[in-house]
Structure formats: structure tokens, C-alpha cells
Amino acid sequence: MRVGTHDDSWWSRAAVYQVYPRSFRDGNGDGLGDLQGVIDGLGHLESLSIDAVWLSPFYPSPQNDSGYDVSDPRAVDPMFGTLDDFARLVDQAHERGLRVIVDIVPNHVSASHSWFVEALSSPAGSPARRRFHFVDGKGEAGELPPNNWESIFGGPAWTRVKEPDGSWGQWYLHLFDHTQPDLNWVNDEVRIDALNTLAFWLDLRVDGFRVDVALGLAKDMTYPDLIDPIGMSQSLRFDLDPGSAEAVERRAALANSAIFDRDEIHDIYRQWRSLLESYGNDKMAVVEAWVAPERASRYVAPDTLHQIFGFDFLVVAWDAKSIRDAIQHGIDAVSAVGAPPTWALSNHDSPRVVTRLGDGPEGLARARALALIAHALPGSVYVYQGEELGLCDVEVPDSARQDPVWFRSAGREKGRDGGRVPLPWSGSQPPYGFTDRADVSLWLPQPEHWESWTVEAEGDDPDSMLNLYRSSLALRRSHSSLASEEIEFWSVDDDELVVFRRGADVVVVANTSDQWLPSPVAGSILVASGPVVAGDAGVEIGPNTTVWLQM
Ligand code: BGC
């Protein structure tokens, strides 16, 4: 089959590296990651043959949701630097041939955003309140929430406010934390403001945007009760096998529902598309929208946006059939409209892939093997910082946890902090070169056992995850068969193999079993994630290993 792409735009085959700025690298010696740290780390990205860097939010924010609670979308939080630092970052990235993608968070703002502060001190029905979803409560005195919607972080999706005169008043909607009020996208002011934000960063020469909660902007403003409010919010939690009946059912229930994936959302993205095109044809947006496959293409039709994250590898079970289905699913979801598929093994919202696939040597072997599958696929691949080092989730002490998921679930869910710990760059003890300042406690503590997982240590080890990523991403860029849009699954007798051909002459064989298995195809080894023996009798592939073969 051929994967269609709109054209040969840079993003259709890009390797994109996600930087989580607080935890990437400290450039000014205060112990927190910042934009100077990103500049200092660009060489690392270049050594990985990365094409673009995506920066998670670095905007002014109280950091209740690690920056996804934005109080001013058109500025830099002083903890990360200045707008001048940002401009330097863009310049230096561009000089190295790296594009820059920034996060835009249109579904909600921080409760400390001037609009929300104004809304709190304004009366019910006022223009300031109409920028949000302020609604009267149910019950005799409005003491009950307007409906049964649940926050994705746990607990109710509504919080009641005290009116300026001190009495209890209306409720406002927040699909996430109560410090992240949802914006009302029926309001023109909200739409215009988002366009201004896009233009602001485009004027600073960014190359694209990652659109947070892209499926959520439009709501049914009759605010009906949901039949399955918890199920709907949990369907965004990425915790279900994508092929399972439950996952399919939950995604189907999201289609054009009261809170997610409503048809009218695409009018917003059409406007955004026109704005992006007014800056030339090399600006893009990638949307975060976990929707049913038959709905995904709406976000990436030729008149809407450019890419939608393929999340199936974040949850795929470690078996050959599930992996084949995930690939097919990822391609089918977008090929009808000619958009490129995308592949991600992890991100700042998910467990680290090594941990998810079993931790220890087995988890690592499987993560290496899954990476070689993803890096061989047509479309673009997203790499979350630290994935290239094979890091595991860190056991963060409960007293150090920061994620609102931990607080809002009253500790029932640990949340996402384990995958957000500051990166180890060098040295043999914390802070492992993350910062020059030795006396600082990091916002999330690093473990004691990371000495051999630093960029420096792995760089010196030919068998490290880092060197595997360097080899595979370099080949992905340079080998014409891997650059092609063609992929063909080979049917094989063995249920534990995934085998596909790429372009004219590369075959990828993944052995998902715990045994050595013979490859059904011969060829010379381009790169392998684990032990492989090529002899006269053919190629033997070690357990939990993927190999790329040149036919
Ligand atoms: C982001 C999360 C964030 C949430 C609310 C998600 O999609 O990726 O990190 O907590 O949106 O903004």
C-alpha cells in the first residue's frame, strides 16, 4: 500500500523531538530547564538527525499543570527566559536546519489569565464571563453543578465561584484542573485572540504548532448530562489497548459528543489553516485528538490542519498482531485525505515506553525493537526527550509529586511525573549535568542510578539506546527506500513476527517472542535493535528484536 501525503512538505517525513522545557536542560544555573538550555542542547538533537523540535509550553504560567495552564500565550515565562532568548533559539535551530514547533493551548487558560480574573469580578451574563462557560447551577439555590461532566484529571468538571459581593454564584467549566477554565469558542473574541497568538509566534518565525486538546474546543452549550461521563473523560487517558472493544466503543462515543470532537470544530481549524497559509506553504500544525479512526481525517483534510498524532504505539500490546493492527490503523486513519501518518512511542502524558513494556532488560529490549519499527514507517515520528536514552519512569516520592492528576484523584492515580524528571546529560550523580548548580533540588528528583544513562555515557557505548537512535534516525533520513511512501506487509507463518517491506529494497523484521526465530527474508543487516546473526543459513533474530535488512 502507499501512504498518501499532500505533497513533499518537510513535516510529512520529519523526525520531531519533543522538549519539555522544565526538564530538558538548565542554561542559566538556577536549577530549572529553560530556553538557553534548549539552545545548548541543539547539538544533541542534530546528532540524532532530528528535523524539528517541538517545545511544550514555556509561556507565563503558575505551573499548576506544568505550563499547560497559560496566563499569557504571547510571552515567555521569566523562569524560561525572555522573548529574545526565544528569537535566538529559533535562529540557532534554523541555522542547524532544525524547524521549531510551539505548543498552543486553545481549550483553556490559567485561572490567573487576565480574562479569567476579569470574569470573576464581573456579573453573570457579562461579556467577560461569556469568554468562558459560566453557567447557573441546578438545585433551588444553584448549589448543584450544571451537569454531571467529569474533569479528565478526576473530580467534577465544574467549580462554583463566589460573586464579587461574597455570595455563592455561578459555576464555570474546566475539563482539566479547576485552575484551567475552558474558553467559550462561540465567542469571536476568543477566536480572534487565538489567531493573534498564532500570528505572534509566526512573526517570530516558528514553523508550526502542536495543538493541545484539539478535539475539545467546541461544546454542546445546552450542557446536557453525559451517559458515561467518567468513561468519556478516561478515554483521553491513553490507558486502553487501542484495538480492545472497550477502546473502540469509547472512541466511538466521543464522536460529535457534547464535549469532544464536535463537527463545528473544523470551522476553527479552517480559519487557522488560512492564517498559516498566509505565511507560506511550509507552516504546519499537528493536533492532539484521540478520536475514532473514521473521525481522525477531519482534522487533517486539505482545508483543515496537517497532522494528527497517532497514539496507538503509546498503548500497543507487545505482540505481533497488535503491532500490525496499530500500523494499519495509523495509516488508514489519515490516508483517505492524503495526510501523512505519525508515530509516537511516548510523550509527557504517558508512561515511558521502557516501563510500559516491562521495565528491566526485557522492557528495554522491547522499547528498542518498537523504536526500530516506528523509525522504519512512512510518515513522521515524534521522539519524547529521554526516550532516546531508554529512560524508565522514575519512582517519584509522593511528597515530591506535582501532577494535578495526583492531587485531584486524591492519590489514587500517581499521575505523569515519573516520565518528566530532568534529563541526565553527564557525570555520575544528580544533577547529572542537567544544571551547573550542585546545591539545587530539582523540581522532580532524579534517581541515584542514572550514571550509565546520561547522554555522555551512552554516547561512548556503541550498544546504547542513544547510538541505536542515532543510527536508525540517520538511516531513515538517508536511505531512499525508507523515505518512500510505500509499505507492504508480508504474511508469514510465524505469529510472532512483524514483517514489512519499505520502498524497493528494505525489509523490516520484528521478533516479538522470547525465543530466537529465523527471519523469513535474507539480506544484509542495516541496523538491529538486539542480537542478530547472519550466516549462510540465513538471518536469525534474537528475542524482542527488530532488524532492518537490505535485500
Ligand atoms: C496535555 C497535557 C495537559 C492537558 C491539559 C494535554 O493534552 O498534553 O499535558 O495536562 O492537555 O492542557
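Okay, so let's go over this structure. Just so it is clear, the structure is predicted and the values come from calculations on it, not from any experiment.

1. Some points on the sheet that holds strand β3 (residues 99-104)
Here 8 strands make up an open sheet; going across it, the order is β9-β8-β7-β3-β2-β1-β11-β10 and the pairing parallel. Unpaired on one side and paired on the other, β9 (307-308) and β10 (342-344) mark the two borders of the sheet. Pairing analysis gives 4 bridges linking strand β2 (residues 52-55) to β3, with the strands arranged parallel. Note on β3: the bridge partner recorded for Val53 is Val100. Contacting β3 and β7 (208-211), helix α6 (residues 188-203) runs over the sheet at an angle of about 160° to β3.

2. Here's the deal with the packing of aromatic side chains
Two numbers describe a pair of aromatic rings. These are the distance of the centres and the angle of the planes. Per the counting criterion, the structure on display carries 29 aromatic pairs. When the centroid spacing of 5.1 Å and the interplanar angle of 80° are considered together, the rings of Phe116 and Phe132 count as edge-to-face. Placement of the pair is Phe116 in helix α5 (residues 114-120) and Phe132 in the loop between α5 and β4 (134-135), with a sequence separation of 16 residues. Phe132 matches Phe116 in its accessibility class, with the two residues each being buried. Plain terms: the ring middles of Tyr269 and Trp272 are 5.2 Å apart, the flat faces sit at 75° to each other, and that makes the pair edge-to-face. A residue pair is termed a helical-turn pair when its members lie 3 or 4 positions apart in one helix, as Tyr269 and Trp272 do in helix α9 (residues 265-277) at 3 residues. Using a relative accessible area of 0% as the deciding quantity, one classes Tyr269 as buried. Judged by its relative accessible area of 2%, Trp272 falls in the buried class. Among the aromatic residues, those joined into a ring-pair cluster are Trp54, Trp290, Phe309, Phe311 and Tyr382. When the ring centre of Phe134 is taken as origin, the NZ or CZ atom of Arg129, which lies over that ring, is 4.5 Å away. Geometry around Trp406 places Arg401 over its ring, the cationic atom sitting 5.5 Å from the centre.

3. Focus: α9
For α9, with 13 residues, the first-to-last C-alpha span of 19 Å sits near the 18 Å given by 1.5 Å per residue. Here α9 has its buried residues at Ile265, His266, Ile268, Tyr269, Trp272, Arg273, Leu275 and Leu276. Looking straight down α9, one finds that the buried residues subtend no more than 165° of arc, so they occupy a single side.

Reading guide: rules and limits
Residues numbered from 1 in each chain as written. Predicted model: local features only at pLDDT ≥ 70, side-chain atom pairs only at ≥ 80, totals over all residues. Heavy atoms only, no water. Pairing = 2+ DSSP bridges. Helix = DSSP H or I, 4+ residues; strand = E, 2+ residues; numbered from the N terminus. Contact = heavy atoms within 4.5 Å. Axes fitted to C-alpha atoms, helices over the stretch in contact; angles between N-to-C directions. Phe/Tyr/Trp six-rings, centres within 6.5 Å; stacked < 30°, edge-to-face > 60°. Buried < 20%, exposed > 50% of the residue type's maximum accessible area, 1.4 Å probe, protein only. Lys NZ or Arg CZ within 6 Å of the ring centre and 35° of its normal. Expected span 1.5 Å × (residues − 1). Arc of directions from axis to C-beta.

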